[in-house]
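Residue-level listing of the chains:
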Amino acid sequence: MFHDPRFWSAVAFVLFFVLFGRSLWKPLMSALDGRAERIRAELDEAARLRREAEQMLEDATRDREAAIAEAKELVEHSLREAAIIAEQANKNAAAVAARCEQMAKDRIASAERSALREVREMAIEIAIQATGETLAASLNADTDGKIVDKSISDMPAVLSQRAA
C-alpha cells in the first residue's frame, strides 16, 4: 500500500485540502456566492421582464378586442346607413317613376285632346264643304243671296256664343 502511487496521490490530495482548504474555501465560496447572486439578479430581472411582457400582452389583447369591437360597430353603423340610403333611393326612384308616369299620362291626354280637336275640325271642314256643294247644287242665285245675307247678320251672335 505504501508503494502504490495512487495511495500517495490520495494522501497528497487530502493534505493539500487540509493545509490550503480554508484559504481556498473562502474565495471559492465568495465566487460561488457572487455567481449565485448574479443568477438570482438575472432571474429577478427575467421575472420582471416576463411580468412586463405579460402586462403588455394583456394591454395589446385589450386594445385588439377594443379595436375589433369598434370595427364591428363601424360596420354595423355603415350597414344601417347603407340601408337608410338604399331605402331613400328607392323612395326617390318611385317618386321619379310616378312623376314620369304622370307626365306620360298628361302627354297622352294632351295628344288625345289634340287629335279629337283635329278630327272635329276636319269633320267640320268636310261638313261645310259638303253642305256648300249640296247647297250650290240645289239652290238658285236668289235664294243663295238671302242665305249669305242672313249668315252675315247672324255671325256676331254665333261668334259671341263660341267665345263664351
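This text goes with the structure placed above it.
Everything in this summary refers to the structure shown in the same document. Given the structure is predicted, the values throughout are model-derived calculations rather than measurements. (Residues numbered from 1 in each chain as written. Predicted model: local features only at pLDDT ≥ 70, side-chain atom pairs only at ≥ 80, totals over all residues. Heavy atoms only, no water.)

With that settled, consider the overall build of the protein chain. From N to C terminus, the protein chain includes 2 helices and 0 strands. Taken over C-alpha atoms, the radius of gyration comes to 62 Å for the protein chain, far larger than the 15 Å a tight globule of 164 residues would show. Within the protein chain, the fraction of its 164 residues that count as buried is 1%. Computed over 23 positive and 28 negative side-chain charges, the inter-centroid distance for the protein chain is 10 Å. (Helix = DSSP H or I, 4+ residues; strand = E, 2+ residues; numbered from the N terminus. Rg over C-alpha atoms; globule rule 2.2 N^0.38 Å. Buried < 20%, exposed > 50% of the residue type's maximum accessible area, 1.4 Å probe, protein only. Lys, Arg positive; Asp, Glu negative; His and termini not counted. Charge placed at Lys NZ, Arg CZ, Asp CG, Glu CD.)

On to the packing of aromatic side chains. Counting across every chain of the model gives 1 aromatic pair. Between Phe7 and Trp8 the ring centres are 5.2 Å apart and the planes differ by 70°, which places this aromatic pair in the edge-to-face class. (Phe/Tyr/Trp six-rings, centres within 6.5 Å; stacked < 30°, edge-to-face > 60°.)

Counted under the stated rule, the structure contains 9 salt bridges. Among the salt bridges present, the one from Asp4 reaches Arg6, with a minimum N-O distance of 3.9 Å. A residue is classified by how much of its surface remains accessible, and Asp4, at 29% relative accessible area, is partly exposed. Under the relative-accessibility criterion, Arg6 is labelled exposed at 67%. (Salt bridge = Lys/Arg side-chain N within 4 Å of Asp/Glu carboxyl O.)

There is a patch of nonpolar side chains on the surface, built from Phe13, Val14, Leu15, Phe16, Phe17, Val18, Leu19, Phe20 and Leu24 and spanning about 920 Å² of accessible area. Counting through the fold element by element, Phe16 comes out in helix α1 (residues 5-138). For Phe16, a relative accessible area of 39% translates into the label partly exposed. (Patch = residues over 30% accessible without salt bridge, like charges linked within 9 Å, V, L, I, M, F, W, Y side chains within 5 Å. Areas by Shrake-Rupley, 256 points an atom, 1.4 Å probe, with all protein chains shown as cover.)

This is a description of form; function is not addressed.
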